[in-house]
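These are the residues of each chain, in order.
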Amino acid sequence: MTHVQKGGEVDDLVLIGSPISANFLKTLQTTNGIRSVHVKDLTVYGDPIYAGMGAAELILNTPRLSQQMKNKNGHFYYAPSTEMGMRRRRDLAKDLYNTGLR
């Protein structure tokens, strides 16, 4: 948003596991200078965070997120600095590519 506010343009904004409010998401989606907003929530991996959630819900999920950080799952599905993590990130890149992102 800062980039656009300074006169820049964004072709594709990709939000992955992004805990932004519904109001900010709507702002991003309707801002001139941002052509397209792509939301990829990680709820399928057990992530309690999603675009459009409220701050209270985020705070209530802090213990769960702490556990997920330790286990490298859920919200931290793509985080491991291991071969498995590399494979997951490659799969993410392929998935994004298959949706038309370049």
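Residues numbered from 1 in each chain as written. Predicted model: local features only at pLDDT ≥ 70, side-chain atom pairs only at ≥ 80, totals over all residues. Heavy atoms only, no water.

Asker: What am I meant to see in the overall build of the chain here?
Answerer: When helices and strands are counted, the chain shows 5 helices and 2 strands. Each principal axis of the C-alpha atoms in the chain carries an extent, and together these give about 40 × 35 × 20 Å. Looking at the chain as a whole, 31% of its 102 residues qualify as buried. Pairs at least 24 residues apart make up 53% of the contacts formed inside the chain by residues separated by at least 6 positions. Of the roughly 6,700 Å² of accessible surface on the chain, a fraction of 53% belongs to carbon and sulfur atoms. Computing the positive centroid from 13 side-chain charges and the negative centroid from 9, the chain places the two 6 Å apart. (Helix = DSSP H or I, 4+ residues; strand = E, 2+ residues; numbered from the N terminus. Buried < 20%, exposed > 50% of the residue type's maximum accessible area, 1.4 Å probe, protein only. Contact = heavy atoms within 4.5 Å. Areas by Shrake-Rupley, 256 points an atom, 1.4 Å probe, with all protein chains shown as cover. Lys, Arg positive; Asp, Glu negative; His and termini not counted. Charge placed at Lys NZ, Arg CZ, Asp CG, Glu CD.)

Asker: What exactly am I supposed to notice about helix 5 (residues 83-98) here?
Answerer: Given 3.6 residues per turn, any residue in an α-helix points the same way as the ones three and four places further on. Between its first and last C-alpha, helix 5 extends 22 Å over 16 residues, near the 22 Å set by a 1.5 Å rise per residue. Looking at helix 5, one finds that the buried residues are Gly-85, Arg-88, Leu-92 and Leu-96. Summarising the axial view, the buried residues of helix 5 lie within an arc of 75°, below the 170-degree limit, and thus occupy one face. The exposed set on the far side of helix 5, more than 90 degrees from its buried face, consists of Lys-94 and Asn-98. The secondary structure elements touched by the buried residues of helix 5 are strand 1 (10-16) and strand 2 (34-40). (Expected span 1.5 Å × (residues − 1). Arc of directions from axis to C-beta.)

Asker: What should I look at first to understand the pattern of salt bridges in this one?
Answerer: Once the charged atoms of two side chains with opposite charge are near each other, the side chains can pair. A complete count under the given rule lists 4 salt bridges for this structure. As a salt-bridge pair, Asp-12 and Arg-35 come within 3.5 Å of each other at their nearest N and O atoms. Residue Asp-12 is located in strand 1, and its partner Arg-35 is located in strand 2; the two are separated by 23 residues in the primary sequence. Asp-12 gets classed as partly exposed once you look at its relative accessible area, which sits at 29%. For Arg-35, a relative accessible area of 59% gives the class exposed. (Salt bridge = Lys/Arg side-chain N within 4 Å of Asp/Glu carboxyl O.)

Asker: Explain the environment of Val-44 here, please?
Answerer: With respect to the element layout, Val-44 can be found in the loop between strand 2 and helix 3 (55-60). For Val-44, a relative accessible area of 67% puts it in the exposed group. Residues Val-44 and Gly-74, spaced 30 residues apart in sequence, show a C-alpha to C-alpha distance of 8.2 Å.

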